[in-house]
Amino acid sequence: MRWQLAAFIMAGALATSSGTLMAHHSFAMFDQENPIELVGTVQEFKYTSPHSYLLLEVKGPDGSTTVWNLEGRAPSLMARDGWTSKTLQPGDEIILTIQPLRSGAPGGSWNTSIPKFKDGRPLQVTP
Amino acid sequence: MRSLVVAVALAASCAGVSSAQAFDESKYPDWAGEWRLGPPTKWDPSKPPGRGQEAPLTPEYQAVFEANLADQAAGGQGTDPTYICIPDGMPRAMNVVFPMEIVITPKTTYIMIEYLSMLRRIYTDGRDWPGDQEPSFMGYSIGKWVDEDGAGRYSLLEVETRNLKGPRAFDPSGIPLHKDNQTVVKERIYLDKANSDLLHDEITTIDHALTRPWTVMKNYRRNRNPRWVEAVCMEANPHVRIGKENYMMSADGYLMPAKKDQPPPDLRYFKQIGK
């Protein structure tokens, strides 16, 4: 399955908003030079080890919905920045820059990004 | 300030550990708290990652490293085995991706690394190398406390680690160690003279994949108000290895390719529908 996300593709350099990569493993499977922006609804925020995961429902240009499996930082790092398992809730509508899987499958990484709420609310994170 | 050390010593005493030689905490340095190493994760913090590390690899292992980089460029994991929760092992564990805690007792110093729940035991009781110990990822570590300036208090812990098993790499870029696992790691761990919240670990790795001993300096920053987090790698790791290929699990639990145009795994032991 190859996703055409022309509406969401961000050309250019890696658009990251925080942090530098702390790697559990090589992140080579994720295309770090061609990030994309996803707009979607949080289905589940897994605050787990070795990484947190966001299951994000995203509508494609053709109106179909796909759930992306998106790898975030580890709770060991997020907790020290003030994140909790409740920072993101099912139903939250967010905008998120990810580095997609090179294969084109609906997976990616947001290790170096911070999501934004679509309605402009600030993310409640207090170290 | 050294309540943790006192508590551990007391617990050890209550547990029946010989108290013939009482633990005098004033002889040992204060290394309590949470020690962090800043990002990014790379073996020599003073150099760029990947080829920029200028690892002194033999021609044979430079070729292994280059093949690894080519695989990683295609979305593979190369020679980095940790994506399926294999622990870093030594010396990579001292990259301390998540913070570490150091607990000093008279006979053993423990380094507890939150990342991958790794534990190092450094024996300081004067023992010799065991003859019958099975190799392990963290290896067998023997340490020696040194009072460098004769002040009556130890300031330096010298450690040698042997008896390691693989697979291991230096860092996520896949800088390899030799398959014979004859690695010897020598460390000098000490507080900075001017800043007691800075811990140095001078690490020298001797390995048959290297043309010479490779020495790097790790500098850890102290947080005196630790906030420990459980980190169990197998809890939700979606990265899997089948055969020699790595894949990733999808949101709905199916296998996704990690590399562009990656074929599915060999299903020879499954009955094929439609054949």
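Before reading further, recall that the structure is shown in the block above.
With that settled, the discussion passes to the pattern of salt bridges. This model, assessed by the stated rule, comprises 23 salt bridges over all chains. A salt bridge links A:R121 to A:D119; its shortest N-O distance comes to 3.0 Å. Of the charged contacts, one joins B:K193 and B:E148 as a salt bridge, the two residues approaching to 3.5 Å between their closest N and O atoms. Highlighted residues: B:K193 in the loop between strand 7 (184–191) and strand 8 (198–206) and B:E148 in the loop between strand 5 (140–146) and strand 6 (156–162), separated in sequence by 45 residues. By relative accessible area, B:K193 is classed as exposed at 70%. Residues joined in a network through salt bridges with shared partners are A:R80, B:E34, B:R36 and B:E114.

Next up on the list: the interface of chain B and chain A. Residue-level contacts link 48 residues of chain B with 33 residues of chain A. Between chain B and chain A, the buried area comes to about 3,000 Å², and carbon and sulfur atoms account for 60% of it. The largest contributions to the chain B side of the interface with chain A come from B:R227, B:M248 and B:A251, which together make up 17% of the buried area. Counting across the chain B and chain A interface gives two salt bridges. Note that A:R80 is salt-bridged to B:E114, the shortest N-O span being 2.7 Å. Linking chain B with chain A are 10 residue pairs in polar contact (both at pLDDT 80 or more). When residues of the side of chain B that touches chain A are traced back to their parent elements, those giving at least two are strand 1 (34–36), helix 2 (59–73), strand 11 (245–249) and strand 12 (255–257) of chain B. When residues of the side of chain B that touches chain A are assigned to their parent elements, the largest contribution, three residues, is made by strand 11 of chain B. Considering only residue class, the side of chain B that touches chain A consists of 26 nonpolar, 11 polar and 11 charged.

Parameters and conventions
- All chains use their own residue numbering, which begins from 1 and follows the written sequence.
- Lettering of chains starts at A and numbering of ligands starts at 1, both following the order in which they are written.
- Predicted model: local features are reported for residues with pLDDT of at least 70 only, side-chain atom pairs are reported and counted for 80 or more only, and whole-chain, interface and lining totals are derived from all residues.
- Side-chain measures here rest on the full set of heavy atoms in the structure, leaving out hydrogens and waters.
- Criterion for a salt bridge: a side-chain nitrogen of Lys or Arg within 4 Å of a carboxyl oxygen of Asp or Glu.
- Runs of H or I in DSSP of at least four residues are treated as helices and runs of E of at least two as strands, each being numbered from the N terminus.
- Note on classification: 1.4 Å probe, protein chains only; a residue is buried when its accessible area is under 20% of the maximum for its type, exposed when over 50%, partly exposed between these limits.
- The contact criterion used is simple: two residues touch if any of their non-hydrogen atoms lie within 4.5 Å.
- A 1.4 Å probe defines the accessible area here, and the buried area is the portion of it lost by two parts on being joined, summed over both.
- Polar contact criterion, stated in full: a pair of N or O atoms within 3.5 Å, where within protein one must be able to donate a hydrogen and the other to accept it, and residues adjacent in sequence count only if both atoms are side-chain atoms.
- Here the nonpolar group is Ala, Val, Leu, Ile, Met, Phe, Trp, Tyr, Cys and Pro; Asp, Glu, Lys and Arg are the charged ones; every other residue, Gly included, is treated as polar.

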